[in-house]
Amino acid sequence: MLFVMRTASATPIKQNFFTKMEAAKKYTWHKIADSIAAINFAANNLAEVEVAGKIICLALHNGMLHACTQKCPHAGGYLSEGHLDALGNIVCPLHRYKFSLQNGRNVSGEGYYLKTFPIEIREDGVYAGFAGSGLFGWLK
Ligand code: FES
């Protein structure tokens, strides 16, 4: 699902959709780049970036930017070395498990969950949100 965020510029910017639970989380936002164009995507439209001491994977599909952990939850494959399928799911290069970049669901059915991060496009750059690790942070 998508929503469109309007900024001071006339061009609406597509953003990841937040569920009510996602919106209720407190995020710490970290700048990734000055713009999407400044991100160094490989030919597979995936990029590995370090932000706030974490290595994450960025995926660009149909003009939408997504972020997830770099390591696959199955056995640690580097997702930036995988590919995106026609639906925009990320496919791990090791065992080809597929994950939705919208919600982290393991759409190929093996029962894993990929941690995803919300993205915001702001006037001054692209930001990824990391959920706080408060009292119940271990539940994530
Ligand atoms: S390590 Fe990713 S599917 Fe096995």
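Residues numbered from 1 in each chain as written. Predicted model: local features only at pLDDT ≥ 70, side-chain atom pairs only at ≥ 80, totals over all residues. Heavy atoms only, no water.

**A look at unusual backbone geometry**
Working step 1: Unlike most non-glycine residues, A52 shows phi in positive territory, near 50°.
Working step 2: Relative to the helices and strands, A52 is located in the loop between β4 (46–51) and β5 (54–61).
Working step 3: In this structure, N62 is a non-glycine residue whose phi angle is positive, near 50°.
Working step 4: Take N62: it is sitting in the loop between β5 and β6 (64–69). (Helix = DSSP H or I, 4+ residues; strand = E, 2+ residues; numbered from the N terminus.)

**As for the sheet that holds strand β8 (residues 90–91)**
Working step 1: Spatially, three strands are ordered β7-β8-β9 in an open sheet, and the strand pairing comes out antiparallel. Each end of this open sheet is capped by a strand with a single partner; those strands are β7 (83–84) and β9 (98–99). (Pairing = 2+ DSSP bridges.)

**Brief notes about the pattern of salt bridges**
When charged atoms on two side chains of opposite charge get close, those side chains can pair.
Working step 1: Taken as a whole and assessed by the stated rule, the structure comprises three salt bridges.
Working step 2: Where D34 meets K31, a salt bridge forms, and the shortest distance between an N and an O atom there is 2.9 Å.
Working step 3: Here D34 falls in the exposed class, since its relative accessible area comes to 57%.
Working step 4: A salt bridge links E120 to R122, with the nearest nitrogen and oxygen atoms 2.9 Å apart. (Salt bridge = Lys/Arg side-chain N within 4 Å of Asp/Glu carboxyl O. Buried < 20%, exposed > 50% of the residue type's maximum accessible area, 1.4 Å probe, protein only.)

**Points about the confidence of the model for the chain**
Segments scoring low in pLDDT should not have their predicted coordinates read at a detailed level.
Working step 1: Per-residue confidence for the chain gives a mean pLDDT of 86; residues scoring 70 or more make up 77%.
Working step 2: In this model, residues 1–14 is a region of pLDDT below 50 whose contacts with residues beyond four sequence positions or in other chains number 26 contacts. (pLDDT = per-residue confidence, 0-100. Contact = heavy atoms within 4.5 Å.)

**With respect to the nonpolar core**
Working step 1: Counting residues in hydrophobic clusters, the biggest one holds 17 residues, and the most contacted among them are I32, I39, I56, L58, L65 and I119.
Working step 2: Elements with a contribution of two residues or more to this core: β3 (27–33), β4, β5, β6, β11 (119–122) and β12 (125–131).
Working step 3: Ignoring sequence-local partners within four residues, the contact set of L58 consists of I32, I39, F41, N45, L46, A47, V49, L65, H66, A67 and I119.
Working step 4: Grouped together as the second largest cluster of nonpolar side chains are 13 residues, C57, L79, C92 and L101 included. (Core = buried A, V, L, I, M, F, W, Y, C linked by side-chain atoms within 4.5 Å.)

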